[in-house]
Amino acid sequence: MYGSLWLSLGQLGLGSAHLFSKGFIVDIVFMAIAVMLLKPSSKREFAKSCLILFSPAVTLGIERANNDLIVFSLLAVSALLYAKRDGFAQVSSLVIIYLSALLKFYPSVLLASSLIILKRNIKELIVFKLVTISLFAIWLTTNLNELLLIKDIAPKPLDFYATGARALLAYVGRPYPWILSIPTLWLFSGFIAVVAVGAIALASRLKSADIQPSSSRFNYVIFIFGLSILFATYALNSNYDYRWVFFIFAMPLLFDIQKANASDSFASRVATIGLICASLTMWMEAFRASGVFGLVNINVFFNIGRSTFSIELFQQFIKEFSAWVLFAILFAFAIKQSPFAMPRLNWRHPRQ
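Residues numbered from 1 in each chain as written. Predicted model: local features only at pLDDT ≥ 70, side-chain atom pairs only at ≥ 80, totals over all residues. Heavy atoms only, no water.

## Let's talk about the overall build of the chain
The cut-off we apply is this: Only DSSP runs of H or I with at least four residues qualify as helices, and only runs of E with at least two residues qualify as strands; both kinds are numbered from the N terminus onward. For every residue, the accessible area (1.4 Å probe, protein chains only) is compared with the maximum for its type, and the residue is labelled buried under 20%, exposed over 50%, or partly exposed between those bounds. By the convention used here, residues are in contact when the closest approach between their heavy atoms is within 4.5 Å. Per-residue and other accessible areas were derived by the Shrake-Rupley procedure at a 1.4 Å probe size, with only the shown protein chains allowed to occlude residues.
Helices and strands together make up the secondary structure of the chain, namely 13 helices and 2 strands. Counting the 352 residues in the chain, one finds 49% classified as buried. Considering only intrachain contacts with a sequence separation of at least 6, the fraction spanning at least 24 residues in the chain is 78%. Here the chain has roughly 17,400 Å² of accessible surface; of this, 69% comes from carbon and sulfur atoms.

Dropping the structure here:
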C-alpha cells in the first residue's frame, strides 16, 4: 500500500540502523501537531482530547511509528496552506497532497475534495481546477501499474485491530452467512445509502441558526480533509485501527460547534454523540482485551455456539456500527458547514 517513493530513502543513507531515531522523530512531530490542532480551551475539551489521543487506535500508530503519521503531519500543513487566502499557498497545498499521495495512495482523494471546499470566482476556479486535474493525472499515470498491482494483494484485515465497512459485514456474516451471499457492489451501495440517508436526515434537523460557520477556515478545511480520508479508506477497504488518527482532524470543528451552542441544544448533543461514537470505535479493542464484555452473557444476537467468540463478534459489531453512525453525523455537519449552504457568508473576506 506504499508508493515506491519510500525506496528513495535508501539513497539518503537511511536504513534499519536509523529505525528508532527516525521513528522517535515521527512520533514527536505527530504528537506536537495533534496537540496544536486540538488546543483544548476548557476542562471538557481537554478530557475529550485525552480520550481520543490516548485511545488504542492512536497509540497503535505511535507504538509502530507508522508512516500514516508522516502523512498526517504533511496533510495538516497542507490544510493550513489551503485555508489561507493566497493562491500560491493553496497551490502549494495541492502539491503537498500530491507528494503525500506518492507515499500512500489514499491522500489522492483530497484532490477531489479540494475542489468543493471553498467558494471561488470563475477565474480562480478555472485555474484551481486545471492545477488539480493536472496533478491528479500525473499521479494516476505514474502510479497506475502499482494501483493495479495492489488491487489483488492489498491487505484486507478482518480480525482484531481492523476497521472498515467490509469488516462489519464480515462480522455480521459469520452468524448470518446469507448476508455474505449479497453481491459486494450491493453491500457497498447499501453502506453509502445508509450513511447518506442518515446524514441528510440529521442535516435537515440541524437549524442553520444553530450551526454557525466555524470561526476558523482552517478548522473547516481540515475537517473535510479528515472526513474525506476516513470515509474513502473505510468504504473501499478494511484498514488497521491506526487509520483513525485522522479523526483528530475533525475534532476542532466539533469543538467549535459545541462552543457556539448551548450544551442542551440539538447541534451540541449531536456533536457529543459523534465524539462518543468515535471513542467507542477507537477504544473497543481495549474493552476486548480487558474482558469487560465477558462479565455479561450476551450470547444472543451473535449466537454461533461459542459464547466467547460471540462476545468478541458483538464487541466488533459495536465498534463498526459506531463508525457508521459517526460518518452520518460528520457528513451532516459537513453539509451544514459548507459555504454553499450559507450563501450569505463570504468565505473570502474575514470580516463578513
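## Here's the deal with the pattern of salt bridges
Where we set the bar: Definition used for salt bridges: Asp or Glu carboxyl oxygen within 4 Å of a side-chain nitrogen of Lys or Arg.
Under the definition given, this model contains 5 salt bridges. A salt bridge links Lys259 to Glu45, with the shortest nitrogen-to-oxygen separation between them at 3.6 Å. Note that Lys259 is positioned in helix 11 (residues 251–260) and Glu45 in helix 2 (residues 43–53), a separation of 214 residues in sequence. Via salt bridges that share partners, Asp68, Lys104 and Arg243 belong to a single interconnected network.

## Some words on the nonpolar core
Test applied: Residue types Ala, Val, Leu, Ile, Met, Phe, Trp, Tyr and Cys, when buried and joined through side-chain atoms within 4.5 Å, form a set referred to as a nonpolar core.
Grouped together as the largest cluster of nonpolar side chains are 86 residues, with contacts concentrated most on Trp244, Phe246, Phe247 and Ile248. Ranked by residue count, the leading element in this core is helix 10 (residues 217–236), at 13 residues.

## Examining the confidence of the model for the chain
Short version of the rule: Per residue, pLDDT measures the predictor's confidence, with a range of 0 to 100.
Scored by pLDDT, the chain comes out at a mean of 83, with 86% of its residues at no less than 70. In the predicted structure, residues 297–306 sits below a pLDDT of 50 and forms 22 contacts with residues beyond four places in sequence or in another chain. In this model, residues 343–352 is a region of pLDDT below 50 whose contacts with residues beyond four sequence positions or in other chains number 17 contacts.

## As for the packing of aromatic side chains
Here is the rule we go by: Two rings from Phe, Tyr or Trp (for Trp, the six-membered ring) form a pair when their centres sit within 6.5 Å of each other. Planes less than 30 degrees apart are called stacked, planes more than 60 degrees apart edge-to-face, and all others tilted. Two thresholds decide whether a charge sits over a ring: the Lys NZ or Arg CZ must be within 6 Å of the ring centre and within 35 degrees of the ring normal.
Per the counting criterion, the structure on display carries 20 aromatic pairs. Ring centres of Phe30 and Phe72 lie 4.9 Å apart, and the angle between their planes is 70°; this geometry places the pair in the edge-to-face category. A residue pair is termed long-range when its members are at least 10 positions apart, and Phe30 in helix 1 (residues 19–38) and Phe72 in helix 4 (residues 68–82) qualify at 42 residues. For Phe30, a relative accessible area of 1% puts it in the buried group. For Phe72, a relative accessible area of 0% gives the class buried. For the ring pair Tyr106 and Phe246, a centre distance of 5.7 Å and an interplane angle of 80° mean the geometry is edge-to-face. With Tyr106 in the loop between helix 5 (87–103) and helix 6 (109–113) and Phe246 in the loop between strand 2 (239–240) and helix 11, this pair connects stretches of sequence that are 140 residues apart. The same class applies to Tyr106 and to Phe246, which are both buried. The lysine or arginine in question, Arg64, covers the ring of Tyr240, its NZ or CZ lying 5.9 Å from the ring centre.

## Considering a nonpolar patch on the surface
Rule in force here: To count toward a patch, a residue needs a relative accessible area above 30% and no salt bridge. Like charges then connect within 9 Å, nonpolar side chains (Val, Leu, Ile, Met, Phe, Trp, Tyr) within 5 Å.
On the surface, a nonpolar cluster with roughly 590 Å² of combined accessible area is contributed by Phe20, Phe24, Ile25, Ile28, Val29 and Met31. Its location among the elements puts Ile25 in helix 1. Note on Ile25: relative accessible area 47%, which makes it partly exposed.

## A word on the side chain of Ser73
On the secondary structure map, Ser73 appears in helix 4. Leave out the neighbours within four places in its chain, and Ser73 touches Val29, Phe30 and Ile33.

## As for the packing of helix 5 against helix 7 (residues 122–153)
Stated formally: Throughout, an axis means a line fitted to C-alpha atoms (over the contacting stretch in the case of helices), and angles, computed between N-to-C directions, take values from 0 to 180 degrees. An angle below 35 degrees is treated as roughly parallel, one above 145 as roughly antiparallel, one from 65 to 115 as roughly perpendicular, and anything else as oblique. The crossing is said to be left-handed when, going from far helix to near helix, the turn is anticlockwise and less than a right angle, and right-handed when the turn is clockwise. When residues are sorted by character, Ala, Val, Leu, Ile, Met, Phe, Trp, Tyr, Cys and Pro go into the nonpolar class, Asp, Glu, Lys and Arg into the charged class, and all the rest, Gly among them, into the polar class.
At a minimum axis distance of 11 Å, the contact between helix 5 and helix 7 shows a crossing angle of 15°. Judged by the inter-axis angle, helix 5 sits roughly parallel to helix 7. As helix 5 packs across helix 7, the resulting crossing turns out to be right-handed. Along the contact surface, helix 5 presents Gln90, Val91, Leu94, Val95, Tyr98, Ala101 and Leu102, while helix 7 presents Phe128, Val131, Thr132, Leu135, Ile138, Trp139 and Asn143. The residue inventory of the contact of helix 5 with helix 7, partitioned by class, reads 11 nonpolar, 3 polar and no charged.

## Thoughts on helix 4
Here is the rule we go by: Multiplying 1.5 Å by the residue count of a helix minus one yields the expected span of that helix.
Between its first and last C-alpha, helix 4 extends 20 Å over 15 residues, near the 21 Å set by a 1.5 Å rise per residue. Those residues of helix 4 that are buried are in contact with helix 1, helix 3 (56–64), helix 5, helix 6, helix 7 and helix 10.

## Focus: helix 5
Compared with the 24 Å implied by 1.5 Å per residue over 17 residues, the 25 Å span of helix 5 between its first and last C-alpha is a close match. Across the 17 residues of helix 5, 12 count as buried, placing the element largely inside the fold. All of the buried residues in helix 5 are Ala89, Gln90, Ser92, Ser93, Leu94, Ile96, Ile97, Tyr98, Ser100, Ala101, Leu102 and Leu103.

## Remarks on the environment of Val29
Summarising the element assignment, Val29 is placed in helix 1. The class of Val29 is partly exposed, set by a relative accessible area of 36%. Put simply, Val29 and Phe72 are 43 residues apart on the chain and 10.0 Å apart in space, counted from C-alpha to C-alpha.

## Notes on unusual backbone geometry
Phi at Lys39 is positive, roughly 30°, even though this residue is not glycine. With respect to the helices, strands and loops of the structure, Lys39 is situated in the loop between helix 1 and helix 2. Non-glycine residue Ala65 carries a positive phi angle of around 50°. Following the sequence through the fold, Ala65 ends up in the loop between helix 3 and helix 4.

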